Amino acid sequence: MLESNRYFVQCVPTKLYSLKPMGIGTKYYVESLTSHICRLANAHHLKFGSLLHGIILKSQEASNLKMDYRTLGNINGFSKAGQDLISILEEFTGLKNMKLLTTWNTKELILVPLKRYKAWCPKCYAEWRDRNEIIYEPLLWHLLMVDYCPKHKISLVSECPHCGKKNPKISGRSRLGFCLYCSEWLGQENNNIAGVKDENWSKWVISNISEFLKYEGEMSLSNLSQNLILLKNRLKSMDYISHQSGVGVNTLNYWKNKAETPNGETLLKLCYSINTSIKKMYSTILSETDITSAQMKFERKIKKANHVKAKDNVQLRKRLQELLNMAKDDMEIPPIGKVAEMFHLTGQTIKNAFPNETKELQEIRDIQQSTLLEKRREQRYLEIRRIVFDLHEKGIYPSKEKVGILINKNFYSNSLENKAWVDALKELGLR
Amino acid sequence: MVCLPGNGGFYQMGEEGKYKFPVELLAKTKEERIKYFADCVIEHEFLEVAINKTIRLISNAVPERIVFTCGPSGVGKSQLIKIIKSKLVQAGTVKLSDNPGCIPVVDVQAIAPLKGGFDFPGLWRDALEKMDEPMLNRKISYHDVIVKNSFGKDVILSQTKKADYMKVLQNTLRYRDVTAFIIDEAHHMLRVVSGKESNWSVDLIKSLTNLSQTPIILVGTYDLTSLLVDLNIKSTDQINQRTRIVDFPRYRSDVTSEVNIFGKTAKKLLQNMPLEQTAENMINKQDWKYFYKYSLGCVGTLKLWFMDAYGLALESNAKTLTREHLEEAKLSEYRLLGMHQSIEEGERMMKKIQSEGDIDSKLVYAKSEDESQSDSKKSKTKGNPKPFNRKPKRDMVM
């Protein structure tokens, strides 16, 4: 303790800096506990391992605490080790309510599994670095069911773009924003990062789970059970709900009887189908409006399923005619499956209903596609040739691996890419 | 006012006006009584002025401030630091609710180097140890380097290096929300091997205050001013802009008001000496010169002298302090002469720095309309003097 302070006033500075967690109060960007500890170590100019073994685990409260990095990786969830660590950190930093950095309020209510490895949004990293802001890891990035960045509308990345390795959630020498293995920066600004399969679903998941984690009011399993009973009574039967939501009837019954803690993802599926947030399912009894809205959503789904017969669908006939006209004008036409999707039908149904039109369309599309393919092959051939020449000009040997990385594809010996590569090498006199 | 540390502030002491110290002290051991006297702080005018000015300067909205608090040795600079610290700690308690890791004030002593230049990393390390910074030997820092990968593309690579103590201190000062970083005996920092480095040492201090956003108070003897003189010559503008000087002088013997304050302070000191019969009556209109002579007007030196004499008085179990005790404890006149010389030199230097100079002659101001009109009139009326006409000016008296 600082002598002068002890001497004059009763103020004792905390052992570690009182480093404020990031993103508290925001919807999607509340910091995770592992990220906060890493930042704390960084602020003290220490490696995380030094801070953990030299300070945290040496405190009296930590005498019974056994921490390996695997246990530590789970402190962002609701775990005993996490709770113990939080109480030590709160004492050392003077911070309060550090439980907000974990999924503390899921206790006994819902299972929110964590990812096994780190995942991050490369664009968020790049943006923070450009603006000279603090680099950290939001809690949501650690949840298994979250695979989407709501800000950049891309899927989270879990492999290093440079070495391709997956990073552990925490380690003695990990630095936020950098790969543990190749030490390279994980942020990326380019646009070739994939989106998610179903954006609406991903959006729903992330907004629902963040709302649930932020909620500090009372939530209970009995509310969920009562809501399920209510839904069962109002919406025909449990079988009906199961059929419409895609959640097994046994699971629903377990939840209803409070015999099982619901799995987050399955519960979200149910909530998505009845258009109700999970927070609402746990905190209140569903109102009449909620049930009506659920009923309507189910009915809408059924209506979509019980459509008018395909061959009587005027709009579909019109669309097919349009496509035929487009084909005559040499315009590229979509596959039959895509057209079917728009009308909530399968491709086979359309083929059965309009055999002549679909056959004609299919033939035209086949020709179009083969021409396109030829064009693409030619482009690929030229691209590889260019890459080989570029590399050679820079004094780098244009090996198959290097060219493969640059075109984002590994190629085999009998492929077109290989032919292009061999031709280019021959042209350069390298082979 | 009598100030005592350890009780959360300052308060008036005394028992029914007879003693200015707690009576029970008389029954206590010699060591305890000497300790009481050593700890007792007497605030006097120059001390108060220096404290208030220093605190005002660092409390201004300029976080990158460097304050030089200079005074002759023995004027009471350690007491000044003690009081500044206590005041800043009291003011800093408000910050604690917002930042429980806050350390309101840090003071560190610059230790004179055994040989060669001043050991700055050692000073930074001392400061970090004072703030209880954990694991000083394992400090690292991350660096980002941009390198080309095998495809010739730029990639950012993280590198780990052993941390520089200055960087760690900058961070610590910022995170600990330190109101002021005090460096005592700062004149020791001037011990450099070559002239170039004296400028460099201030640059270090400047970058420390800049990056940590913490005001720094350099407390030292008048030797510190040589740094400011150097700075003026080398025109390191940035430092000059941010630097403020607080003079903490001794009491002058030729100014009556200062002599009076000195006398009163000496009297208060004697009143706080735990003795059965306090010796404040030794100071009167005739004898003040004796006290002034052997302390050179410096309250710190006076107190040290009193402490030695008090020790002698306690040893001989005397009821009060006598002239004999003082005579035995006083400094020799030869030593005083040396001290006086260095103090005067320092005072001259300080005067030079605080002098007005002749800046007006270097500046050319834009003239207002009235001024330019009157100037043009003057030029019309006066014109050039006629030949053989004397200028209307008084001749030098030979």
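Residues numbered from 1 in each chain as written. Chains lettered and ligands numbered in written order. Predicted model: local features only at pLDDT ≥ 70, side-chain atom pairs only at ≥ 80, totals over all residues. Heavy atoms only, no water.

1. Looking at the interface of chain A and chain B
Here comes step 1: Each partner contributes to the interface: chain A provides 44 residues, whereas chain B provides 46 residues.
Here comes step 2: Buried area between chain A and chain B, both sides added, is near 3,700 Å², and the carbon and sulfur share of it is 63%.
Here comes step 3: Joining chain A to chain B, the criterion identifies two salt bridges.
Here comes step 4: Of the charged contacts, one joins aspartate 144 of chain B and arginine 129 of chain A as a salt bridge, the two residues approaching to 3.1 Å between their closest N and O atoms.
Here comes step 5: Here chain A is connected to chain B by 16 residue pairs in polar contact (both at pLDDT 80 or more).
Here comes step 6: At the level of secondary structure, the elements contributing two or more residues to the side of chain A that touches chain B comprise α1 (3-8), α2 (33-43), α3 (48-56) and α18 (400-406) of chain A.
Here comes step 7: In terms of residue count, α1 of chain A provides more of the side of chain A that touches chain B than any other element does, four residues in total.
Here comes step 8: Classifying every residue of the side of chain A that touches chain B gives 21 nonpolar, 14 polar and nine charged. (Contact = heavy atoms within 4.5 Å. Buried area = accessible area lost by both parts, 1.4 Å probe. Salt bridge = Lys/Arg side-chain N within 4 Å of Asp/Glu carboxyl O. Polar contact = N/O pair within 3.5 Å; in protein donor to acceptor, adjacent residues only side chain to side chain. Helix = DSSP H or I, 4+ residues; strand = E, 2+ residues; numbered from the N terminus. Nonpolar A, V, L, I, M, F, W, Y, C, P; charged D, E, K, R; others polar.)

2. As for the sheet that holds strand β9 (residues 243-247) of chain B
Residues and elements named next belong to chain B.
Here comes step 1: Strand order in the open sheet made by the five strands is β4-β7-β8-β3-β9, with parallel pairing throughout. Edge strands, defined here as strands with exactly one partner in the open sheet, are β4 (105-109) and β9. Across the sheet, the mean angle separating the axes of adjacent strands is 20° when strand polarity is ignored.
Here comes step 2: Of the strand pairs in this sheet, strand β3 (residues 66-70) and strand β8 (residues 216-220) are connected by five bridges, and their pairing is parallel. The partner of cysteine 70 across the bridge, within β8, is glycine 220.
Here comes step 3: Sitting on the sheet, helix α13 (residues 333-354) is in contact with β3 and β9, with an inclination near 135° to β9. (Pairing = 2+ DSSP bridges. Axes fitted to C-alpha atoms, helices over the stretch in contact; angles between N-to-C directions.)

3. Remarks on the domain arrangement of chain B
Residues and elements named next belong to chain B.
Here comes step 1: Per the domain assignment, the segments making up chain B are domain 1 (27-39 + 251-354) and domain 2 (41-247).
Here comes step 2: One C-alpha centre belongs to domain 1, the other to domain 2; they are set 33 Å apart.
Here comes step 3: Listed as interface residues are 22 residues of domain 1 and, on the opposing side, 21 residues of domain 2.
Here comes step 4: Each partner contributes to the roughly 1,700 Å² buried at the junction of domain 1 and domain 2, and carbon and sulfur atoms together form 68% of this total.
Here comes step 5: If you sort the residues of domain 1 by the area they bury against domain 2, Tyr251, Met350 and Ile353 come out on top, with a joint share of 29%.
Here comes step 6: Counting the contacts that link domain 1 with domain 2 gives six residue pairs in polar contact (both at pLDDT 80 or more).
Here comes step 7: Broken down by secondary-structure element, the contributors of at least two residues to the side of domain 1 that touches domain 2 are α1 (30-39), α9 (256-271), α11 (299-315) and α13.
Here comes step 8: Per-element tally for the side of domain 1 that touches domain 2: the top contributor is α13, with eight residues.
Here comes step 9: Considering only residue class, the side of domain 1 that touches domain 2 consists of 10 nonpolar, six polar and six charged. (Domains from an automatic or database assignment.)

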